[in-house]
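Chain by chain, the residues run as shown.
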Amino acid sequence: MIDNVAVETAPEVPLWNDPAHPVSTRVSALIKAMTVEEKIAQLYGVWVGASDEGGDVAPHQHDMEEAVDLDLLVPTGLGQLTRPFGTAPVDPALGALSLLRTQARIASANRFGIPAVAHEECLAGFAAWGATAYPVPLSWGATFDPDLVHRMAAAIGRDMRSVGVHQGLAPVLDVVRDARWGRVEETIGEDPYLVGTIGTAYVRGLEGAGIVATLKHFVGYSASRAGRNLAPAPMGPRERADVLLPPFEMAVREGGARSVMASYTDTDGVPAAADETLLTGLLRETWGFDGTVVADYFGIAFLKTLHDIAADWAGAAGAALGAGVDVELPTVKTFGAPLAEAVAAGRVPEEVIDRALRRVLTQKAGLGLLDRDWDPVPSALDGADLDDPEALRGRIDLDGPENRELARAVAEEAVVLLSNDGTLPLGRPRRIALVGPNADEPTAVLGCYSFPQHIGVHHPGTPLGIDLPTLRSTLAAEFPDAELTVVRGTGVDDGDVSGIPEAVRAARGADVVLAVLGDRAGLFGRGTSGEGCDAESLSLPGAQQQLLDALLDTGKPVVTVLLAGRPYALGRAARESAAIVQSFFPGVEGTAALAAVLGGRTNPSGRLPVSVPRGPGAQPTTYLGARLAHASEVSNIDPTPAFGFGHGLTYTTFEWSDLVLDGEEAPTDGEFRLALTVRNTGARHGTEVVQLYLHDPVASVVQPVQRLIGYTRVPLAAGEERRLRVTVPADLAAFTGRDGHRVVEPGDLELRFAASSTDPRLTATVTLTGPERRVDHTRRLHADFGREGAADA
């Protein structure tokens, strides 16, 4: 026995900090130890901006909210940090240093050592200064390539995680219902299956990189009346169930998304942020979602200020929490003192707080933020001298060669050739007239959630942070021997026609005219596309149609090139253009991708994710309509598109043949097996996109004339053919019946293999037999496109 010797023992590790215990046990112990104020502190974020000197973040002064004092908040803890990189231009390395110092401060200030979840926008790339701006989601849809989108999302996620970000506010899974809506550029398209498959691929990529993907906007935002931002969504329950919900269902079930953002909109008088049947009944109890539901920015306060269903902030907080919203974003408002006071007064049960808290802490545990060895230093700063901030400047490259190569691949696959009389590819023109407001504009390739358009416009003296070659420069490189005459002609939306005569003179002196038109992305009226930039009609903005018509009048071949965030009616140009090339805000490598397509180095393979209207006023309309939504003798308005959903040409030709059906009948719980051959009959390599549509001639409720149920990209060398074997489960014929349940009904169906919604190639008539069958969220969601080996001519 040794007397009088002090023996040091290691401090006991609190249960919640010990990863050896089950997460549920750790979270329960932590909740039990917390005060009400500490619990509530985990349920809100604070909007901050990282310091460009590497110091602590500073609260963002937003005109919709009062200033926040971090010193007063952090002793009770903090749930989230809102957009530390996406609030002001900051060098990525110094932003990462600022974030880690703030995280260390937050963790040391609260009793339990819990850091915050840092979230950022990542709709078209990590929305940070100097980060790659990838094509917008509408371009993702145009690729019809989930594997490529998965790779892109993984790259975005890796960049975010490397600097200390945990959560990304993407993807947008809203299905386009009215192309006048400003946020069409943020969507993947007008078909729920395309949106679901591409969106789920993005979720998998982001989640695989360790970033919490956030599905938005749940649900109905895109169905607003007249395409106006935040307007009520007058849809019925069947449209909601069969058109708007399936992409979210797929991303939850197959993508593993860990967060969902409640929509701003109200449906039939019930705001999504206060809809318990949606956020708890459907999302959690039916689909089994166990992640967090976050509010769209200021969405809980909007229950009082815009929706008028709450008399005060506490009422708004209680309504959202009761419905199933767990986290208030972007900053503390209703979930702060008003919520604490409501709990004390008995207006909000503490059990509701605990329910949301359990989800938040479970997610933090999954991110390692409760572990005793949590380290605020992100991987990008491993080994760096954190005491010398200036030495860190420029250390982190978020726009490296691998990112640019991936951005180029997405941009190239997303280019859609709408029409072509043989003018494209251009070959070796001697004189090119490059005309239009987007011909020599660097930011014409960027969407509204890209950092330069979202944040950079507020800092006009700051460099863009990324290289944005204009179409003028990439065409000069593509056609070095051509004489390139560049004339703006008119602005995107200024209505100025004074430059049109000069444009006409340039066109008359050229061999070919490239009319580069479209949009300028912005927010809340600062652009012609983007959040809060809704359109009265689908005419080209400003005087662009006048410019285009004047160019056509010259008789010279006019190639119309669109850099836009939505489809536009092109008037006579839809018929008279020598060619039309559509690109939806294709990102940093977009002009290089366009030059490669125009010159013929790249064979276009993009397909339309949204229909291009024939006229500007026949809205709302999509291909996904019932018989009476299409042209008919009972209305003088013809909504037939100029170019339908799924349309896109290439520089080669394809022949589809030899459709074989293994059996014409299958039970309502069975499947059909078919095979067809696709052959490249042209002289160069190309990619065909085989689309499968279902037509249900007779159903118990009105159905769309057809809807997409499957697709596959088929790359083929000249003369090569491939045999596709396709399995189609009967579940894909399911729809919401009269009693509100999803059913598969017996009866005849048509399975249409098509090059677009307006170009069916091969059709099989099949019959489902047996009793009507009820299905649920566990039904089969996909047709299987198997392939046999390729055969040469």
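Presented here is a report on the structure given in the accompanying data block. (Residues numbered from 1 in each chain as written. Predicted model: local features only at pLDDT ≥ 70, side-chain atom pairs only at ≥ 80, totals over all residues. Heavy atoms only, no water.)

## Observations concerning the environment of Arg572
Next, step 1: With respect to the helices and strands, the residue Arg572 is situated in the loop between β15 (558-564) and α21 (573-576).
Next, step 2: Separated by 186 residues in the primary sequence, Arg572 and Leu386 place their C-alpha atoms 61 Å from one another.
Next, step 3: Here Arg572 is in contact with Asp549, Leu552 and Asp553, once residues within four sequence places are set aside.
Next, step 4: Looking at Arg572, its side chain comes within polar contact range of the main-chain oxygen of Asp549, at 3.5 Å. (Helix = DSSP H or I, 4+ residues; strand = E, 2+ residues; numbered from the N terminus. Contact = heavy atoms within 4.5 Å. Polar contact = N/O pair within 3.5 Å; in protein donor to acceptor, adjacent residues only side chain to side chain.)

## Some words on the pairing of strand β16 (residues 579-584)
Next, step 1: In terms of burial, β16 is largely enclosed, as six of its six residues are buried.
Next, step 2: A two-sided burial pattern is seen for β16, the buried positions comprising Ala579, Val581 and Ser583 on one face and Ile580, Gln582 and Phe584 on the other.
Next, step 3: Of the pairings in the sheet, the one linking strand β11 (residues 416-420) to β16 comprises four bridges and is antiparallel in character. What sits directly across from Val416, in β16, is Gln582.
Next, step 4: For β15 and β16, the ladder comprises six bridges, and the chain directions are parallel. Bridge pairing links Ala564 to Phe584 in β16. (Buried < 20%, exposed > 50% of the residue type's maximum accessible area, 1.4 Å probe, protein only. Pairing = 2+ DSSP bridges.)

## Concerning the sheet that holds strand β22 (residues 686-695)
Next, step 1: Spatially, β20-β28-β27-β22-β23 is the arrangement adopted by the five strands of the open sheet, whose pairing is mixed. Pairing within the sheet leaves two strands with one partner each, and these edge strands are β20 (665-667) and β23 (707-716). In this sheet, adjacent strand axes meet at a mean angle of 30° when their direction is disregarded.
Next, step 2: One ladder, built from five bridges, connects β22 with strand β27 (residues 747-756); its direction is antiparallel. Following the sheet pairing, Leu692 is matched in β27 by Phe753. (Axes fitted to C-alpha atoms, helices over the stretch in contact; angles between N-to-C directions.)

## Comments concerning the pairing of β23
Every other side chain in a regular strand lies on the same face of the sheet, so the side chains alternate between the two faces.
Next, step 1: Extensive coverage of β23 is indicated by the burial of nine of its ten residues.
Next, step 2: In the sheet, β22 pairs with β23 via nine bridges, with the strands oriented antiparallel. Among the inter-strand pairings, Thr687 is bridged to a residue of β23, identified as Pro715.

## So, the sheet that holds strand β26 (residues 742-744)
Next, step 1: Taken in spatial order, the three strands of this open sheet run β25-β26-β29, and their pairing is antiparallel. Strand pairing shows two members of the sheet lacking a second neighbour, β25 (735-736) and β29 (773-774), which therefore form its edges.
Next, step 2: Relative to β29, β26 runs antiparallel, the two being bridged by two bridges. Paired with Val744 across the two strands is Arg773, which belongs to β29.

## Some remarks on the packing of aromatic side chains
Next, step 1: For the structure shown, the criterion picks out 16 aromatic pairs.
Next, step 2: Geometrically, the ring pair formed by Tyr264 and Phe302 is tilted, given 5.4 Å between the ring centres and 45° between the ring planes. Of this pair, Tyr264 sits in the loop between β7 (259-262) and β8 (266-267) while Phe302 sits in helix α11 (residues 299-305), placing them 38 residues apart in sequence.
Next, step 3: The exposure class assigned to Tyr264 is buried, which follows from its relative accessible area of 9%.
Next, step 4: On the basis of relative accessible area, Phe302 is assigned to the buried category, the value being 11%.
Next, step 5: Measuring from centroid to centroid gives 5.9 Å for Tyr623 and Tyr693, while their planes differ by 85°, and the two rings are edge-to-face. Pair noted here: Tyr623 is in the loop between β17 (612-613) and β18 (641-643) and Tyr693 is in strand β22, with a separation of 70 residues, a long-range link. (Phe/Tyr/Trp six-rings, centres within 6.5 Å; stacked < 30°, edge-to-face > 60°.)

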